[in-house]
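This is what each chain is made of:
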Amino acid sequence: MSSLLSALTALPTRWEVAGTVHAPANAVADLLLAVKPGRVSDDNLLVLAGMSAARRGAMTVLAGDLTGSYRAVGAGTDGQVDIAVDLGLRAVAVQSWYGGVHTVTSAGDGTSRVSHRVHTVLPSHDRFPTPDDMESRLWSGLERVLRVIGDRLGRPTGDPMIVRATSH
């Protein structure tokens, strides 16, 4: 397990959203965990493909120093997003203005559950100041991810749901 993934999952979950895809977990994980150097897109680092910089084609993934580690940078910005992929755990961790982990688990009967847990938000970040705003952002992001996966696999998705929400 990468240090980023370990560090995030050691923290309590502040927000969690989850949804389902009516497809085997390995097939869902293949799409969710696909990360390689190049432009961020629905085929590369799907969990960030909805970001405005990625939609403009201005976000690029670079290989990190360790196996399964990457960083994404947006054109014209000094900021970067740290990424860790663990194929064995079917997890991708992302540290930007928040630290979160997407995971895929089998939900039985050929259905997969995709969860997105947020463990930390940078104290200086005030873009989403209320829990309701954060929940809405997470819900719409997961809904997009599920829709892309469902479309690629030709399988229906379940509606995302707020599993847990706390504010610290």
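Residues numbered from 1 in each chain as written. Predicted model: local features only at pLDDT ≥ 70, side-chain atom pairs only at ≥ 80, totals over all residues. Heavy atoms only, no water.

## Some details on the overall build of the protein chain
Then comes step 1: Helix and strand counts for the protein chain stand at 4 helices and 9 strands.
Then comes step 2: The helix and strand sequence of the protein chain, counted from the amino end, reads α-β-α-β-α-β-β-β-β-β-β-α-β.
Then comes step 3: Here the protein chain holds 168 residues, and 43% of them are scored as buried.
Then comes step 4: If you take every contact in the protein chain between residues at least 6 apart in sequence, the share linking residues at least 24 apart comes to 56%.
Then comes step 5: Accessible surface computed for the protein chain: about 8,400 Å², of which carbon and sulfur atoms make up 51%. (Helix = DSSP H or I, 4+ residues; strand = E, 2+ residues; numbered from the N terminus. Buried < 20%, exposed > 50% of the residue type's maximum accessible area, 1.4 Å probe, protein only. Contact = heavy atoms within 4.5 Å. Areas by Shrake-Rupley, 256 points an atom, 1.4 Å probe, with all protein chains shown as cover.)

## Notes on unusual backbone geometry
Then comes step 1: A positive phi is found at L45, a non-glycine position, where the angle reads about 65°.
Then comes step 2: Assignment of secondary structure puts L45 in the loop between β2 (38-39) and α3 (52-55).
Then comes step 3: For L45, a relative accessible area of 1% translates into the label buried.
Then comes step 4: Although it is not a glycine, D109 sits at a positive phi angle of roughly 50°.

## Observations regarding the nonpolar core
Then comes step 1: Within the largest apolar cluster, 38 residues are counted, with the highest numbers of intra-cluster contacts made by L32, L45, L48, I83 and M134.
Then comes step 2: The next biggest cluster of nonpolar side chains, apart from the first, holds 7 residues, and it includes L4, L5, L8 and A84. (Core = buried A, V, L, I, M, F, W, Y, C linked by side-chain atoms within 4.5 Å.)

## Re the packing of helix α2 (residues 25-32) against helix α4 (residues 131-153)
Then comes step 1: Interhelical geometry of α2 versus α4 gives an angle of 115° and a closest axis separation of 10 Å. As for the relative orientation of α2 and α4, their crossing is right-handed in sense. Where α2 abuts α4, its residues A27, V28, L31 and L32 lie against V145, I149, R152 and L153.
Then comes step 2: Split into classes, the residues belonging to the contact of α2 with α4 amount to 7 nonpolar, no polar and 1 charged. (Axes fitted to C-alpha atoms, helices over the stretch in contact; angles between N-to-C directions. Left-handed = near helix turned anticlockwise from the far one by under 90°. Nonpolar A, V, L, I, M, F, W, Y, C, P; charged D, E, K, R; others polar.)

The values reported here are purely geometric and, on their own, carry no functional implication.
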